[in-house]
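So the chains spell out like this:
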Amino acid sequence: MNPDARYYYDEENCQFVEVERGWTDRLRSVGLVLGLALVLTTIAAWALDAHVILTPHERALQSKNQALREQLDRVGNRMSTLSTRLNRLAEKDKEVYRTLLQIEPIAKDVREVGVGGTDLYEKFDHLDGDTGTLLRKTAAKLDKLERQVSLQGASYRELENAMSERRDQFDQLPAIRPSNGRIVSGYGMRHHPILNVRKMHAGVDFLLRTGTPVMATAEGVVRRAKFSPTYGKYVDLYHEEAGYMTRYAHLSAFADGIRRGARVERGQKIALSGNTGRSTGPHLHYEVRKLNNKRSLNPMNFFVPDMTPKEYHQLEQRTKRYRARARGRDVQGPDVPMDEGGDPSVSR
Ligand SMILES: [Zn+2]
């Protein structure tokens, strides 16, 4: 029996007879199949068009796109890091060099020049949301970076010019530390351990073992190298070109050739540290003063060229903490050197 055939029941002959299929029947079947195929084709075409189904080519493009987008993201992040670093340089530039060389820093509005204004990135507008935003952001970051680099370059060139113009002044600027010891007492008002009153501390104290070399902090001329009951053995240097004087006190010995009128270079050994004069322990007392009115200045502000503002701030905090702890202990102990703020030869 043919499984595809259809049958009817012949009552007269009491048997099933196979129905002959006419051409209309066959046509209907073909039509059904064609109709179904058409529906399926339409659905497939729609799916391809709407990217529900991807062709292999599209799939390759999609993963390429994804990789590019990720890479662009990474580049963007690195540019942000560079930009932050440049900002830090600009900050240091402003805080340190410009303060010391007394040049006006590049104004903020000049630094921001070209920011805003016309939309430079319209060309990315036609792209879909994510891609457009990413390209726009990356292009903006790159522009900012270029601007920062060229501004920083201009700033350094300007500083270079200023420095070569003021070479003499700069050589005579007290710009280094007189010694490498820990700073144990800072500049400012403090409680005096021997006199038991609050007194101005006109310099900073470096904790040093007796006999440690003490360096001139700038080029200059020795004005005094002598003894006073207060400062003990001390050296005063005049830095006329820059308009400052520096003082190094409680020394144990002067270096060879250190006498009134002798010229010294920055970094030259001028003495050995000690514990002479009104001092409660071996240390170096160091002062910076204006030459014209002899007013004392905070020497910390002169150490900054080799420090970032942050490092400077940390140093300040450490010194404060150390002083607070020292006040809580036996303040006359040998590890807390203090000295008289009085001045035998300089009017205040
Ligand atoms: Zn001191």
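1. Some details on the overall build of the protein
Helix and strand content of the protein: seven helices and 14 strands. Here the protein holds 348 residues, and the buried ones make up 22% of them. The contacts in the protein between residues at least 6 apart in sequence include a share of 69% that link residues at least 24 apart.

2. Focus on the environment of serine 296
Residue position: serine 296 is located in strand β14 (residues 296-297). Residue class for serine 296 comes out buried when judged on the 20 C-beta atoms lying within 10 Å of it. For the pair serine 296 and histidine 201, spaced 95 residues apart in sequence, the C-alpha separation works out to 9.4 Å.

3. With respect to the nonpolar core
Among the nonpolar cores identified, the biggest contains 34 residues, and Val235, Tyr248, Leu251, Ile270 and Ala271 are the most heavily contacted of them. The element best represented in this core is strand β10 (residues 244-254), accounting for six residues. Residues contacting isoleucine 270, with those up to four places away along its chain left out, are Val214, Met215, Ala216, Val235, Tyr248, Ala255, Ile258 and Val264.

4. Overview of helix α1 (residues 23-49)
Each α-helix turn comprises 3.6 residues. Residues three or four places apart therefore point the same way. The terminal C-alpha atoms of α1 lie 39 Å apart, and with 27 residues this matches the ideal 39 Å at 1.5 Å per residue to within 8%. Across the 27 residues of α1, zero count as buried, placing the element largely on the outside. Where α1 ends, the next residue or the one after it, histidine 51, has phi of about 60°, a positive value.

5. A closer look at the confidence of the model for the protein
For the protein, the mean per-residue pLDDT works out to 81, and 81% of the residues sit at or above 70. In this model residues 330-348 is a low-confidence stretch, pLDDT under 50, and it forms 46 contacts with partners more than four residues away in sequence or in other chains.

6. Observations concerning the pairing of strand β9 (residues 232-239)
Burial within β9 is extensive, with seven of its eight residues counted as buried. Pairing of strand β8 (residues 220-228) with β9, which is carried by seven bridges, proceeds in the antiparallel orientation. Residue pairing for β9: phenylalanine 227 is matched across the bridge by lysine 233. Between the antiparallel neighbours β8 and β9 lie three residues. By the bridge criterion, six bridges tie β9 to β10 in an arrangement that is antiparallel. Following the sheet pairing, histidine 239 is matched in β10 by tyrosine 244. Hairpin remark: β9 followed by β10, antiparallel, with four residues in the connecting loop; positive phi at glycine 243, about 80°.

7. Considerations on unusual backbone geometry
Backbone geometry at cysteine 14 places phi at a positive 50°, although glycine is not the residue there. By the secondary structure assignment, cysteine 14 is in the loop between β1 (7-10) and β2 (15-18). If you check the backbone angles, lysine 294 has positive phi at about 60° while not being a glycine.

Cut-offs used in this document
Residues numbered from 1 in each chain as written. Predicted model: local features only at pLDDT ≥ 70, side-chain atom pairs only at ≥ 80, totals over all residues. Helix = DSSP H or I, 4+ residues; strand = E, 2+ residues; numbered from the N terminus. Buried ≥ 20, exposed ≤ 12 C-beta atoms within 10 Å, placed from the backbone. Contact = placed C-beta atoms within 7 Å. Core = buried A, V, L, I, M, F, W, Y, C linked by C-beta atoms within 7 Å. Expected span 1.5 Å × (residues − 1). pLDDT = per-residue confidence, 0-100. Pairing = 2+ DSSP bridges.

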